[in-house]
Amino acid sequence: MLLKRGFVLVSVYTAVLLSSAGCAIMPMSGPEDHVIKSEQTVNGPDYGLVKLTPTVVDIVREYGPGAIAGSFPDNRPPPSIKFGIGDVVSVSIFEAAAGGLFIPAEAGVRPGNFVSLPNQNVDSAGFITVPYAGAIKANGRTPSEIQQDIVKAIGNRAIEPQVVVSLITQNTSLISVLGEVNTPTRLTANAAGERILDVISRAGGPKGQGWETWVTLERHGKRATVPFGALVYTPANNVWVHPGDTIYVYREPQIFLAFGASGSQGQFPFDMWKINMAQAMAKAGGLLDAQAEPSGVYVYRREPRELAERLGVDCSKFVGPTVPIVYNADFRDPAAYFLATKFDMRDKDVLFAANAATVDTAKFLQFVRVVIATANDTIVTANNAQILKLNLRQ
């Protein structure tokens, strides 16, 4: 009897100690809901907590995953193609009548009196040579500019001369298309102008699925990257391509990570060029009915400092161009599901569903039950041993 009382007292004392320690000793899949909302951290960086509202969703949607149009805002067609060193050029000179510099007198008077000079490269100094006109500057100039110089040089010797300068082989005004396209190559710039999708099409198109393809445009050392879908569904991103541009196409499936009280935890691919928060929750199996706190669903992400300030986050404690932001959706409010369908996920976002407070309490009570049951098992074993001993003596 004393043994039993002793174990009961030990069990009760253990339960009291555990209750005083609270739920902090209980296993869990992530931070508690109230801890996240307090914006308190232990070892990690500070973050800003932003509750999803219609205004917040509208502001965030202005900042997409990337916008080439923002980095290259000049929407004018590319400038006229200019000759460069190494280009092959043809020159044809017309005269109004025979007997001039290039048309012999015996040729008679007829329309189209002209002579075509042999094709020639723009030399290393940037010049071409025209008889009776000498060296004519060609590098960095358009055909019409070169034509005017030739006409001026021979105008007082030829009979009403007209000149046509043509680009035969284009070796300088090129566009490089590299990476995950069917035909990586250097393409000649089209005088009529082309946009990014046109150039990618000329290179054979993307090898992989469009929703896992990214496109980088580089021009004069400046770069901008967008998902391939952004070029198709947001025409403003499909900007004009200039001679000398480099377009790099690569595949990198977009993913998000789900943790906490969701049906499944792990890394999930978008499998489309963009998904919203509601779709991401569905991919992760939704919220567990017996575990999740509906008001404690969060998306972790780093946002540009400008966006964080517009969202009302105090950025004075943050250093650098990006700010850690935790978006909170309260799914106890039916309208939150409409907001979730408008809140787009970004590549490598973290989706976390916090446990309900009752879950930690239930786990704690279960732990206490195990402690008491273990003590009780010891008592039962000791009593059985005593009974067996008495029976053996009889």
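Residues numbered from 1 in each chain as written. Predicted model: local features only at pLDDT ≥ 70, side-chain atom pairs only at ≥ 80, totals over all residues. Heavy atoms only, no water.

> Is there a simple way to explain the nonpolar core in this structure?
The nonpolar side chains of soluble globular proteins are, as a tendency, buried together. By size, the foremost hydrophobic cluster in this structure holds 35 residues, and its most contacted members are Leu 52, Phe 256, Met 277, Leu 311, Tyr 327, Met 345 and Leu 351. The set of elements that each furnish at least two residues to this core consists of α3 (54-61), β15 (255-260), α8 (277-283), β17 (292-304), α9 (305-310), β18 (322-329) and α10 (336-342). Once you skip the residues sitting within four places of it in the chain, Met 345 turns out to touch Phe 256, Phe 270, Ile 275, Asn 276, Met 277, Ala 280, Val 299, Arg 301 and Leu 351. Among the nonpolar cores identified, the runner-up in size contains 24 residues, and Ile 175, Val 199, Val 215 and Leu 231 belong to it. (Core = buried A, V, L, I, M, F, W, Y, C linked by side-chain atoms within 4.5 Å. Buried < 20%, exposed > 50% of the residue type's maximum accessible area, 1.4 Å probe, protein only. Helix = DSSP H or I, 4+ residues; strand = E, 2+ residues; numbered from the N terminus. Contact = heavy atoms within 4.5 Å.)

> Please clarify how the sheet that holds strand β16 (residues 266-269) should be interpreted in this entry.
The strands that make up a sheet are held in pairs by hydrogen bonds between backbone atoms, and each pair lies either parallel or antiparallel. The strand order across the open sheet built from 6 strands is β1-β18-β17-β19-β15-β16, with neighbouring strands paired in mixed fashion. The open sheet has two edge strands, β1 (48-51) and β16, and neither has a second partner. Pairwise comparison of adjacent strand axes, ignoring direction, gives a mean angle of 25° for this sheet. Taken together, the 5 bridges between β15 and strand β19 (residues 349-355) define a ladder with parallel strand orientation. Paired with Leu 257 across the bridge in β19 is Val 350. (Pairing = 2+ DSSP bridges. Axes fitted to C-alpha atoms, helices over the stretch in contact; angles between N-to-C directions.)

> Is there a simple way to think about the environment of Phe 338 in this case?
Mapping Phe 338 onto the fold places it in helix α10. With 284 residues separating them along the chain, Phe 338 and Pro 54 place their C-alpha atoms 9.3 Å apart.

> Explain unusual backbone geometry to me, please; I cannot follow it from the model alone.
Comment: phi is negative for the bulk of residues other than glycine, and the bulk of peptide bonds are trans. Positive phi values are uncommon outside glycine, yet Asp 271 reaches one of about 60°. The topology assignment puts Asp 271 in the loop between β16 and α8. Phi is positive for Lys 348, which is not a glycine, with a value near 70°. Judged by its relative accessible area of 46%, Lys 348 is partly exposed.

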